[in-house]
Protein chains: 2
Amino acid sequence: MNLADFKVGVDNVIFSVDSQEHRLLVLLVKREENPFINQWSLPGTLVRKGESLEASAQRILAEKIRVNNLYLEQLYTFGGPHRDPRESPDSFGVRYLSVSYFALVRFEEAQLLSNNNHKTTWHIVQEVPQLGFDHNEILAYGYQRLRNKLEYSPIAFEILPELFTLNDLYQVYSTILGENFADYSNFRSRLLKLGFLIDTEKKVSRGAGRPASLYRFDAEAFAPFKDKPFVFV
Amino acid sequence: MNLADFKVGVDNVIFSVDSQEHRLLVLLVKREENPFINQWSLPGTLVRKGESLEASAQRILAEKIRVNNLYLEQLYTFGGPHRDPRESPDSFGVRYLSVSYFALVRFEEAQLLSNNNHKTTWHIVQEVPQLGFDHNEILAYGYQRLRNKLEYSPIAFEILPELFTLNDLYQVYSTILGENFADYSNFRSRLLKLGFLIDTEKKVSRGAGRPASLYRFDAEAFAPFKDKPFVFV
DNA sequence: GCAAAAGTGTTTCCTTTACACCCATGG
DNA sequence: CCATGGGTGTAAAGGAAACACTTTTGC
């Protein structure tokens with residue numbers, strides 16, 4: 001039989017938004033073994049016996065950070081021969097295939113675990129260095145997916161607290177999509193008109209200025225918009 | 001080491017549009033071996049040594065049909081344990097993982113090969129039977145992707161001839177997306193305004209009625225719209 | 001009172017949608 | 001000449017973009 005034998009790896013592109021600093025972050029680990037020792041790379045692992053792909057992605061995520069809420073979805077599968085230097089040169093030995101996952105986690109609650117010597121840290125997406133393997137490519141793909149998802153899926157609410165102000169929401173959007181999209185005032189009216197944000201009437205004051213209303217995302221009211229194109233811009 | 005060992009399969013969701021009959025078709029094969037013998041399934045194969053995933057997808061496609069033009073892209077990777085009955089019950093033997101690809105081919109030129117006893121035939125997408133493995137799920141996913149792609153990518157031109165009428169184009173769109181989208185007149189003006197369809201001034205007459213202009217897709221003029229959201233609706 | 005942040009409203013412009021209508025050809 | 005399909009134009013409605021203005025708080 002001339003079928004290829006594979007080990008399957010899972011690589012996670014884990015994003016988070018630091019609203020205070022207005023920065024989009026991605027989690028990287030410094031490799032402690034070959035190949036690419038001492039280079040930054042996406043947190044990844046090889047799939048174990050009896051473990052599903054997604055369970056594997058969850059496991060590596062749980063090893064690096066402790067989170068209460070996250071959004072996780074499969075990205076892409078990279079699997080040509082020669083993509084991993086551990087393969088034998090003629091690729092007639094074991095092949096390494098990578099299924100990448102894309103995650104979005106709450107920054108405030110994401111505690112970095114086992115962070116001895118800063119081997120696992122957040123990096124500003126626009127300033128990531130050269131990564132091991134083909135991870136720069138995977139990251140670029142994930143970044144693109146993140147921006148698309150944000151526009152037509154309610155993933156922002158996955159990383160916002162239960163109650164949030166409209167400015168909190170705006171910060172998430174403008175941090176990820178960049179400054180060149182709708183201004184705050186138009187963003188407000190569009191979202192409120194859609195009707196899936198519930199004003200709880202509770203007010204919160206943050207320093208000077210008028211106190212803001214706290215809103216809640218109503219998943220049921222959002223249902224009609226599922227799969228519909230471009231809810232926000 | 002408790003890492004899982006994988007064989008990697010590739011399953012193709014191959015779509016085609018029969019404009020005459022106004023039907024969207026998907027290519028299915030009748031399985032001639034176990035598991036799921038005599039059931040319909042997506043054409044698939046296992047990846048060979050030294051073969052990339054995409055090359056594997058191309059190979060199975062070339063075995064079933066001969067085409068001159070096609071669009072091919074990766075869909076999704078299904079890889080939980082227990083998805084393939086060939087796996088040992090406790091999944092501690094070899095695992096089977098499926099990377100699915102999605103293709104769109106020209107109907108007129110797609111000659112079905114090795115079609116002894118109609119083991120490989122086109123099926124109307126809305127009427128596919130129960131398939132082997134998790135292939136109904138993969139097909140549903142591919143169908144969704146096809147509709148999305150059509151709205152913001154120029155994949156329709158991949159399966160149209162070099163020169164086509166605006167009605168030919170409209171037929172592709174309405175066949176795939178269903179009847180409930182823009183009428184022909186508005187479809188015309190929107191696309192022409194975008195400026196990447198070149199009127200060759202050549203006319204073609206098909207029975208009664210005014211002869212139609214033949215148009216050409218200008219890839220360079222389309223470039224600015226790449227990745228931009230919703231060019232058509 | 002004044003700066004700062006939240007929230008509302010208005011004006012302009014552009015796109016979408018639903019049609020009506022004209023044009024060129026075969027039979 | 002009329003049915004058939006190709007092609008153009010337009011009026012009404014709706015949404016996006018820019019920005020001015022009001023409200024409510026801290027200091």
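The preceding data block contains the structure.
A brief structural summary. Just so it is clear, the structure is predicted and the values come from calculations on it, not from any experiment.

**Here we look at the protein's contact with DNA strand D**
Argument step 1. Every one of the 18 residues lining DNA strand D counts as a neighbour, but Ser 185 of chain A together with Arg 188, Gly 209, Arg 210 and Ser 213 of chain B are closest to it.
Argument step 2. Near-protein atoms of DNA strand D (within 4 Å) split between backbone and bases, with sugar and phosphate holding 62%.
Argument step 3. One of the backbone N or O atoms of Gly 209 of chain B is found 3.2 Å from a base oxygen in DNA strand D.
Argument step 4. Elements represented by at least two residues in the surface near DNA strand D include exactly α5 (184-194) of chain A together with α5 (184-194) and β11 (212-217) of chain B.
Argument step 5. Split by residue class, the surface near DNA strand D holds five nonpolar, eight polar and five charged.

**Topic: the relation of the copies chain B and chain A**
Argument step 1. When chain B is fitted to chain A, the residual RMSD is 0.1 Å, and the transformation amounts to a turn of 180° plus an axial shift of 0.1 Å. Both chain copies can therefore be described as sitting about a two-fold axis. Considering only C-alpha atoms, the residue of chain B closest to the rotation axis is Phe 6 of chain B, which sits at 2.5 Å.
Argument step 2. A share of 100% of the interface residues of chain B reappears at the interface of chain A, consistent with the copies meeting face to face through the same patch.

**Quick notes on the packing of aromatic side chains**
Residues and elements named next belong to chain A.
Argument step 1. Scanning the model with the defined rule gives 40 aromatic pairs over all chains in all.
Argument step 2. For the pair Phe 15 and Phe 102, a centre-to-centre distance of 5.9 Å together with 65° between the ring planes defines the contact as edge-to-face. Taken together, the positions of Phe 15 in strand β1 (residues 6-18) and Phe 102 in strand β7 (residues 95-105) put the pair 87 residues apart, joining distant regions of the chain. Across the pair, Phe 102 and Phe 15 agree in class, each one buried.
Argument step 3. Ring centres 6.5 Å apart and planes at 85° place the aromatic pair Phe 157 and Phe 196 in the edge-to-face group. Separated by 39 residues along the polypeptide, Phe 157 in helix α3 (residues 156-159) and Phe 196 in the loop between α5 and β10 (197-204) bring together distant segments of the chain.
Argument step 4. The ring centre of Tyr 143 lies 3.9 Å from the NZ or CZ of Arg 147, which sits over that ring.

**A closer look at the protein's contact with DNA strand C**
Argument step 1. Lining the immediate environment of DNA strand C, one finds 19 residues, of which Ser 185, Arg 188 and Ser 213 of chain A together with Ser 185 and Asn 186 of chain B sit closest.
Argument step 2. In DNA strand C, the atoms that sit within 4 Å of the protein are 62% sugar and phosphate, with bases accounting for the remainder.
Argument step 3. In this structure, a phosphate oxygen belonging to DNA strand C sits 2.7 Å away from a main-chain N or O atom of Ser 213 of chain A.
Argument step 4. Between DNA strand C and Asn 186 of chain B, the relevant distance is 2.9 Å, taken from a base nitrogen to a side-chain nitrogen or oxygen of the residue.
Argument step 5. At the level of elements, α5 and β11 (212-217) of chain A together with α5 of chain B are the ones that each hand at least two residues to the surface near DNA strand C.

**Looking at the interface of chain B and chain A**
Argument step 1. Between chain B and chain A, the residue contacts involve 28 residues of the former and 29 residues of the latter.
Argument step 2. Here chain B meets chain A over a buried area of about 2900 Å², counting both sides, of which 59% is carbon and sulfur.
Argument step 3. Contact with chain A buries surface across chain B, with Leu 3, Phe 6 and Lys 49 of chain B losing the most and accounting together for 23% of the total.
Argument step 4. The interface formed by chain B and chain A includes two salt bridges.
Argument step 5. Across the chain B-chain A interface, the total number found is 10 residue pairs in polar contact (both at pLDDT 80 or more).
Argument step 6. Counting only elements with at least two residues in the side of chain B that touches chain A, the list comes to β1 (6-18), β6 (70-78) and β7 (95-105) of chain B.

Rules used throughout
Residues numbered from 1 in each chain as written. Chains lettered and ligands numbered in written order. Predicted model: local features only at pLDDT ≥ 70, side-chain atom pairs only at ≥ 80, totals over all residues. Heavy atoms only, no water. Near = heavy atom within 4 Å. Polar contact = N/O pair within 3.5 Å; in protein donor to acceptor, adjacent residues only side chain to side chain. Helix = DSSP H or I, 4+ residues; strand = E, 2+ residues; numbered from the N terminus. Nonpolar A, V, L, I, M, F, W, Y, C, P; charged D, E, K, R; others polar. Least-squares fit on C-alpha atoms with pLDDT ≥ 70 in both. Contact = heavy atoms within 4.5 Å. Phe/Tyr/Trp six-rings, centres within 6.5 Å; stacked < 30°, edge-to-face > 60°. Buried < 20%, exposed > 50% of the residue type's maximum accessible area, 1.4 Å probe, protein only. Lys NZ or Arg CZ within 6 Å of the ring centre and 35° of its normal. Buried area = accessible area lost by both parts, 1.4 Å probe. Salt bridge = Lys/Arg side-chain N within 4 Å of Asp/Glu carboxyl O.

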